Each structure stands twice: as C-alpha cells, then as structure tokens.
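Structural overview for review
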There are 4 protein chains.
Amino acid sequence: MKESTEKNKNLQDIFELLRDIYENLLPFDRLLGVKVVSLSLTDIKVRIDMREELIGNFVRRILHGGVISSVLDLTGGLIASVEMLKNMEHHPLDELGKRLMKLGTIDLRVDYLRGGEGEYFIASGAVLRKGKRVAVVRTELCNDQNVLIAAGTGTYLVG
Amino acid sequence: MKESTEKNKNLQDIFELLRDIYENLLPFDRLLGVKVVSLSLTDIKVRIDMREELIGNFVRRILHGGVISSVLDLTGGLIASVEMLKNMEHHPLDELGKRLMKLGTIDLRVDYLRGGEGEYFIASGAVLRKGKRVAVVRTELCNDQNVLIAAGTGTYLVG
Amino acid sequence: MKESTEKNKNLQDIFELLRDIYENLLPFDRLLGVKVVSLSLTDIKVRIDMREELIGNFVRRILHGGVISSVLDLTGGLIASVEMLKNMEHHPLDELGKRLMKLGTIDLRVDYLRGGEGEYFIASGAVLRKGKRVAVVRTELCNDQNVLIAAGTGTYLVG
Amino acid sequence: MKESTEKNKNLQDIFELLRDIYENLLPFDRLLGVKVVSLSLTDIKVRIDMREELIGNFVRRILHGGVISSVLDLTGGLIASVEMLKNMEHHPLDELGKRLMKLGTIDLRVDYLRGGEGEYFIASGAVLRKGKRVAVVRTELCNDQNVLIAAGTGTYLVG
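Residues numbered from 1 in each chain as written. Chains lettered and ligands numbered in written order. Predicted model: local features only at pLDDT ≥ 70, side-chain atom pairs only at ≥ 80, totals over all residues. Heavy atoms only, no water.

1. Let's talk about the interface of chain B and chain A
When the parts of a complex come together, some accessible area is lost, and that lost area is often taken as the interface size. We count it as follows: Residue contacts follow a heavy-atom distance rule, with two residues in contact if any of their heavy atoms lie within 4.5 Å. The quantity reported as buried area is the accessible area (1.4 Å probe) lost by two parts once they are put together, taken as the sum for both. Salt bridges are counted wherever a side-chain nitrogen of Lys or Arg sits within 4 Å of a carboxyl oxygen of Asp or Glu. Under this definition, polar contacts are N or O atom pairs within 3.5 Å; protein pairs additionally need one hydrogen-donor-capable and one acceptor-capable atom, and for neighbouring residues in sequence, both atoms have to be side-chain atoms. Numbered from the N terminus, helices here are DSSP runs of H or I no shorter than four residues, and strands are runs of E no shorter than two.
Contact residues are listed per partner, giving 33 residues for chain B and 33 residues for chain A. Summed over both partners, the interface of chain B with chain A buries about 2,700 Å², with 63% contributed by carbon and sulfur atoms. Three residues stand out in chain B for area buried against chain A, namely Phe28(B), Phe58(B) and Met101(B), and they jointly supply 22% of the buried area on that side. For the interface between chain B and chain A, the tally reads 2 salt bridges. Residue Asp107(A) is joined to Arg109(B) by a salt bridge in which the shortest nitrogen-to-oxygen separation is 3.2 Å. Across the chain B-chain A interface, the total number found is 17 residue pairs in polar contact (both at pLDDT 80 or more). Listing elements by their share of the side of chain B that touches chain A, those giving two or more residues are α1 (2–25), α2 (27–32), β3 (55–57), α3 (65–85) and β5 (104–112) of chain B. Considering each element in turn, the side of chain B that touches chain A owes the most residues, 8 residues, to β5(B).

Here you go:
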C-alpha cells in the first residue's frame, strides 16, 4: 500500500519535472509557447497557439514548417522521456533530471501534409520502438478542426 | 548585350526579393534571426546567431533541435527557390513572388550529429534533384568552428 | 444502374491489372515472392513468405533489411496507385497502365523496429496525403504473430 | 615494428571477414549479386550488375527501388562496420564477427533521384556521425556513367 502510494507520488513528481522542463526551462519551447495539455503514462499531448511570429507564409498565413518540425520533435522527445522514466520511478529526481538532459534526438522525418491553418494545434504520438539505447516515436500534429497537418517519425537516444 | 544586362538586372531583382522574403517577410524567420549571407546561383548560405531564446538544453546550452530543423528546412527551400527561378528570369517579379509563395516542403529528414555549440551557425546545401514538380536538396549546418552540427534532406514541391 | 455496374466492372479490371503488375510483371517483385492478399478501395495487403534467399543475418536468420524496405516501398506504391486510379475508373485500361508505369517513389523512410523473424510477413498502410502530384503513404510490416517488424513513410509522384 | 605488422595483418583479416560476409554469407546479398570492389579504411565501394531479376519497371527497364534501398542500406552498414572495427583491431576475429552480427540498421532514408538505368551500379558513402552506440552514414548510388541515381542516409546501432 505504502509502496504504491510512494510509487504514484514519484510518478507525479516526474510528470511535474517534465512539464516544468518543457513549458518553462527550455527557452525555445517557451518562445514557441509550448503547453503540455495531457501528461500521463497513456496520454501525452502538446499544444501551441497560432501567433503572428509563428507564421511561415505571409500570403496563406500558415504555421512555418520549422514550428511544425520543432513541435513534433519535442513531442516525440517528451513521449520518449516518459517511456524512459516510467521504469525508473524510484530513482532520485535529480538523477532523473540528469538522464533527461542526456536524452537527444538522433534523427527526425517530418511530412508536411496540409497548410498549418488554425487558432491552435495539438501534437500527440505513439512509441514504435522502446530499447535500452534507442526509442522510435511516431507523432502527428492536428489543427483546431482535428485536421492532420503533419506527421513525424523521430529516433531518440535514451541510454 | 542589352539582353544580357537585362537578364542580370532581373536576376539581381530576384535575389533581392528572395532576401527580403527570408529575412523580413516571414515572421518566424525573423524570430530566428535568419540572415542570408551569400546569395548567388552558385553559393547560397544562411546564418543564425546563438541567442538565449534559441537554446534547447539549459545544461549544455546548445541550439534547440527545432531551431536546427527550421534553419535546414528554410535553407533547402531557399536553394530550391533559386533553382526554380533561375529559368524564369524574364517573368514579371510579382509572378515570381506568387510562385515562391506556392513552393512548399513536402518532407524533411534531419540528422542531429553534434550538440549545437557556437556563437553563430552557417547553413548551406546542394540540389540533388531538380524536376518540374519536385526538387530534392541536401543541407548542412556548421558552427563557428566549421564543425558539422546537423545534416538534412528535404523534398520540395516546386511546380 | 448500368452506370454503376459498368463502374464496378472497370474497378475490378483495374485491380486485376494491379495484381498482375505487382505479382507477375515486375521481375524483382517476383524474385521477392510478393503476393497481393487483399486488394480493394479500403483494404490493401501484401504478403511475402520467409525463404533462405531473403535472410540478411545468418546467425539470427531474420529478413534482410533490404527485403523489408523493398516490401514497404512497393506496398506504399500499390496503395498510392489505387488512390490515383480510383478517380480514373472510366479511362481506358491501357491509359491507366501507362499512368501506373509513371508512378514513382520520390523518397522513403524505413524504421527497422524488430528482427524479421517469422514464416510469413504482411505489409499494409494508409494514405496520409493525396494530391494531384504527390501522395504520402505510411506503411507497416508485421510478422505471422502480428508483431510490428518495421514502419515506413513513402512519398510518391502520382501525376 | 612487429606491432604494426601485427596490426596490419589483423586489419586485412577483418577486411577478408567483411568481404566474405557481404559477398557470400548473407543470402540476400548473394541474391542481389553484391560485390565489394573497394575495401580499405578510406575507400569502400559496393557494385551490383544489372540483371533481368532486378528490374522494377518493365517499360523503362530500370532497377527496382527495393534493389536501390537494399544496396544503400548494406553499403552504409559495411561503412559503419569498418568504422566500428578499426578501433578493435587487436580483438580476436570471432569476437569481431559476433559484434558484426549485432550491428543493425535503425532507420534509413532513400531519395530516388533518377531512373536506375545502366549495366552496373556503384554505391559509396561517408560517415557523418561515429558514436559508441550509433553511427550515421550518407550513401550514394551511381550508374556506369557515374550519374547519381539515388542518395541515402542510414542510422546504425554499433554498440
């Protein structure tokens, strides 16, 4: 009983740490306006809101491709982080923080499927491969009408 | 003679248009601080300077992966644009501008090779495929020590 | 009424043509032993059986990565072909055949997720983007235990 | 002196082992007709000859995309193997063989640039990243006229 409460407490601490890193501690995530709107073992979602500064085509007024690849990259990284940490729940938080700072993207493919029109966008994804050293995550970005704007596949170094 | 001067004049106009689009007219390029430091038929280079807001890892203080993918994407797009426009020199500038706004990235692969440490970064590239409809461009990002930080391959819709 | 029978008849002719191309007319598909086990507007599946010649690791006796990329590439091409042809049902078959021979893969990403162990393998996929000029298809390869072996994303020139 | 002869002897043994694996021991490489035409620390080239069975388009009679991705994948793997082994020269050969059988492709991108026309094709490449765990290799396939047919980027698990 105590055991499991302890475990859940740690898990919540880890999620708090991750949210703080992705929303506040990474300057470029802050510049993009990243919000982690869902964060659990089973459901992870990242949101960004359209802003003038994020536009990449002044005629069509759509998201810049770089904003799209940035959000898919960091969403895949967040999903890979949860995958990596969920078996390390009892390790001290500062150790987990160090591990997180070592996690990195090895490569990323992004397919730009439709113009990024909308007032906000939601990124989500799924783990295709979870290894000791490498994780592969497929991600998707949808707009406020739930139209698929872009799809990504990222390979992450996790150990 | 007049012919060829006329031609060069148009080419310079096109380069001015491209520089203005990439440095001033695309809000996200401005947010990144994109500078087109070389722009000719044979040599195209884009520079960004390190800034606090572009950091993606507060421990290692390196460029965010999203900044890297953004710069490689837009550098490939600029190279594909020059490729597309160099056979359209005699078309009116406003028509060329419309064509440029239709050029889009279909997909992009980025390989993150080393941490993005440096005071500034230079992106360059080469056309692998130039078709009527699709162009493929390989790009590279080096830091101020000319160390290769990342490599990209982008497929662009050009017609 | 006649109209719709006519239409369905043509659709079946197209499917026959596609099956004949992928199973018999492409020498390398024959070398791989490609079988089109489902072929309709909504369900397309390709099967290959494990054979000594397809092994890429004589210790682990698993499929060669090149067999996996080949099957994902051709499955994505088949799916893109059906997408392209389903709006051309009333065109003469020989014209459709010519169009099919012009369809080509622009680029492909393959993620090798697990060793290709099994007696047979099934490839399937879904269209992410259907344009006049370009289609993007995500594909997956599972083994006889329905374990995901590899995932792919291909960009195809369709017009 | 003896030291360095010893070293070179081992290096030659390693190259013999690699050549034997890629030309004879991997059934699918044999099916493709892979020949390792250059194999040194500085120059690695793989050749395949056009054959009826390798055709992917019976109208244009060009290489199947799957043959191209297969050759780029295995060429990148050979280059990553040499990279991995050149610092392990003094390890016993059977240990090196075991290491080689563990090396695997994590992901691969292939860009199909031109139709694969020619009597033979040469694949070569360069290491972009050499890490303890992951290597990234860029590869190219040229035909007998030295025309670039396809380009690849592969990520390999090396430790």
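2. Some words on the pairing of strand β8 (residues 148–157) of chain D
Residues and elements named next belong to chain D. Quick reminder of the rule: Burial classes follow relative accessibility: with a 1.4 Å probe on protein chains only, a residue under 20% of its type's maximum area counts as buried, one over 50% as exposed, and anything between as partly exposed. Whether two strands pair comes down to DSSP finding at least two bridges between them.
β8 sits mainly inside the fold: 10 of its 10 residues count as buried. Inspection of the sheet shows strand β5 (residues 104–112) paired to β8 by 8 bridges, in the antiparallel sense. Note that in β8 the partner of Gly-104 across the bridge is Leu-157. Linking strand β7 (residues 134–143) back to β8 in an antiparallel pair, the connection comprises 4 residues, with Asn-146 at a positive phi of about 60°.

3. A word on helix α4 (residues 93–102) of chain C
Along an α-helix, residues three or four apart share an orientation, since each turn contains 3.6 residues. Residue and element names in this part refer to chain C. Short version of the rule: Here the arc refers to the set of directions running from the helix axis out to each C-beta atom.
What α4 keeps buried is the set Leu-96, Gly-97, Leu-100 and Met-101. The arc that holds the buried residues of α4, viewed along the axis, is 140°, so those residues lie on one side. More than 90 degrees from the buried face of α4, the exposed residues found are Lys-98 and Lys-102.

4. Section: the environment of Ile106(A)
If you trace the backbone, Ile106(A) turns up in strand β5 (residues 104–112). Assessed through its relative accessible area of 1%, Ile106(A) is described here as buried. Sequence spacing of Ile106(A) and Ala135(A) is 29 residues, and the spatial spacing of their C-alpha atoms is 9.7 Å. Non-local contacts of Ile106(A), meaning those with residues more than four positions away in its chain, are made with Val134(A), Thr155(A), Tyr156(A), Leu157(A), Val110(B), Asp111(B), Tyr112(B), Arg129(D), Val134(D) and Thr155(D).

5. Comments concerning the relation of the copies chain D and chain B
Filter applied, for reference: Here the copies are superposed with least squares, the fitted atoms being C-alpha atoms of residues at a pLDDT of at least 70 in both.
With an RMSD of 0.0 Å, chain D superimposes on chain B once it is rotated by 180° and translated 0.0 Å along the axis. Taken together, these values place the two copies in the relation of a two-fold axis. Residues of chain D ranked by C-alpha distance from the rotation axis are headed by Arg109(D), positioned 3.9 Å from it. A share of 100% of the interface residues of chain D reappears at the interface of chain B, consistent with the copies meeting face to face through the same patch.

6. Section: the packing of helix α3 (residues 65–85) of chain A against α3(B)
We apply this condition: Note on method: axes are straight lines fitted to C-alpha atoms, helices fitted across the in-contact stretch only, with angles between N-to-C directions ranging 0 to 180 degrees. By definition, any crossing whose near helix is turned counterclockwise from its far helix by less than a right angle is left-handed, and any crossing with a clockwise turn is right-handed. Classes in brief: Ala, Val, Leu, Ile, Met, Phe, Trp, Tyr, Cys and Pro nonpolar; Asp, Glu, Lys and Arg charged; the others, Gly included, polar.
Running from N to C, α3(A) and α3(B) point in directions that differ by 145°, and their axes come no closer than 8 Å. As α3(A) runs across α3(B), the sense of the crossing is right-handed. Mapping the contact onto sequence places Gly65(A), Gly66(A), Val67(A), Ser69(A), Ser70(A) and Asp73(A) in α3(A) and Gly65(B), Gly66(B), Val67(B), Ser69(B), Ser70(B) and Asp73(B) in α3(B). Counted by class, the contact of α3(A) with α3(B) contains 2 nonpolar, 8 polar and 2 charged residues.

7. Structural notes on the confidence of the model for chain A
What counts, and what does not: Confidence scores labelled pLDDT are given residue by residue by the predictor and lie between 0 and 100.
Averaged over every residue, the pLDDT of chain A is 92; residues scoring 70 or more account for 94%. The ipTM value of the predicted complex is 0.93, and its pTM value is 0.94.

8. Some details on the interface of chain D and chain B
Every contact between the two is made by 19 residues of chain D and, on the other side, 19 residues of chain B. When the two sides are added together, the surface that chain D and chain B hide from each other amounts to roughly 1,400 Å², 43% of it contributed by carbon and sulfur. It is Arg109(D), Leu128(D) and Arg138(D) that lose the most area in chain D upon contact with chain B, and together they represent 45% of the buried surface on that side. For the pair chain D and chain B, the interface holds 4 salt bridges. Note that Arg138(B) and Glu140(D) form a salt bridge whose closest N and O atoms lie 3.3 Å from each other. Counting across the interface, chain D meets chain B through 14 residue pairs in polar contact (both at pLDDT 80 or more).

9. Here's the deal with the relation of the copies chain B and chain A
Superposition record for chain B on chain A: RMSD 0.0 Å, screw rotation 180°, translation along axis 0.0 Å. Of the residues that chain B buries at the interface, 100% are likewise interface residues in chain A, meaning the two copies contact each other through the same surface.

10. Re the side chain of Asp73(A)
Within the secondary structure layout, Asp73(A) lies in helix α3. Beyond its immediate stretch of four places on either side in the chain, Asp73(A) contacts Thr105(A), Leu108(A), Tyr156(A), Gly65(B), Gly66(B) and Tyr112(B).

11. Notes on the sheet that holds β5(A)
Across the sheet, 12 strands lie side by side as β1(A)-β2(A)-β6(A)-β7(A)-β8(A)-β5(A)-β5(B)-β8(B)-β7(B)-β6(B)-β2(B)-β1(B); this open sheet has antiparallel pairing. For this open sheet the edge positions go to β1 (35–39) of chain A together with β1 (35–39) of chain B, each flanked by a neighbour on one side alone. Here the strands of the sheet are splayed against their neighbours by 20° on average, with no regard to which way each runs. Examined bridge by bridge, β1(A) and strand β2 (residues 44–49) of chain A share 4 bridges and lie antiparallel to one another. Across the sheet, the residue bridging to Lys35(A) is Arg47(A), located in β2(A). Across the face of the sheet, α3(A) comes into contact with β1, β2, β5, β6 (120–130), β7 (134–143) and β8 (148–157) of chain A together with β5 of chain B while running at roughly 135° to β7(A).

12. Digging into the packing of aromatic side chains
Threshold: Only centres within 6.5 Å qualify two rings of Phe, Tyr or Trp (six-membered ring in Trp) as a pair; their planes then separate them into stacked at under 30 degrees, edge-to-face at over 60, and tilted for everything else. For a Lys NZ or an Arg CZ to count as sitting over a ring, it must be within 6 Å of the ring centre and within 35 degrees of the ring normal.
All chains considered together, the criterion is met by 2 aromatic pairs over all chains. A centroid spacing of 6.5 Å and a plane angle of 55° characterise the contact between Phe28(A) and Phe28(B), whose relative ring orientation is tilted. Note that Phe28(A) is positioned in helix α2 (residues 27–32) and Phe28(B) in helix α2, a pairing that runs across two chains. Judged by relative accessible area, Phe28(A) falls into the buried class, the value being 0%. The lysine or arginine in question, Arg47(A), covers the ring of Tyr120(A), its NZ or CZ lying 4.1 Å from the ring centre.

13. With respect to the pattern of salt bridges
In the structure shown here, the tally under the stated rule is 44 salt bridges over all chains. Of the charged contacts, one joins Glu83(A) and Lys130(A) as a salt bridge, the two residues approaching to 3.4 Å between their closest N and O atoms. In this pair, Glu83(A) sits in helix α3 while Lys130(A) sits in strand β6, placing the two residues 47 residues apart along the sequence. Relative accessible area serves as the criterion here: at 14%, Glu83(A) is assigned to the buried category. The salt bridge partner of Glu83(C) is Lys86(C), with a shortest N-O separation of 3.5 Å. According to the relative accessible area criterion, Lys86(C) is partly exposed, its value standing at 25%. Taken together, the salt bridges that share partners define one network made up of Asp107(A), Arg109(B), Asp111(B), Arg109(C), Asp111(C) and Asp107(D).

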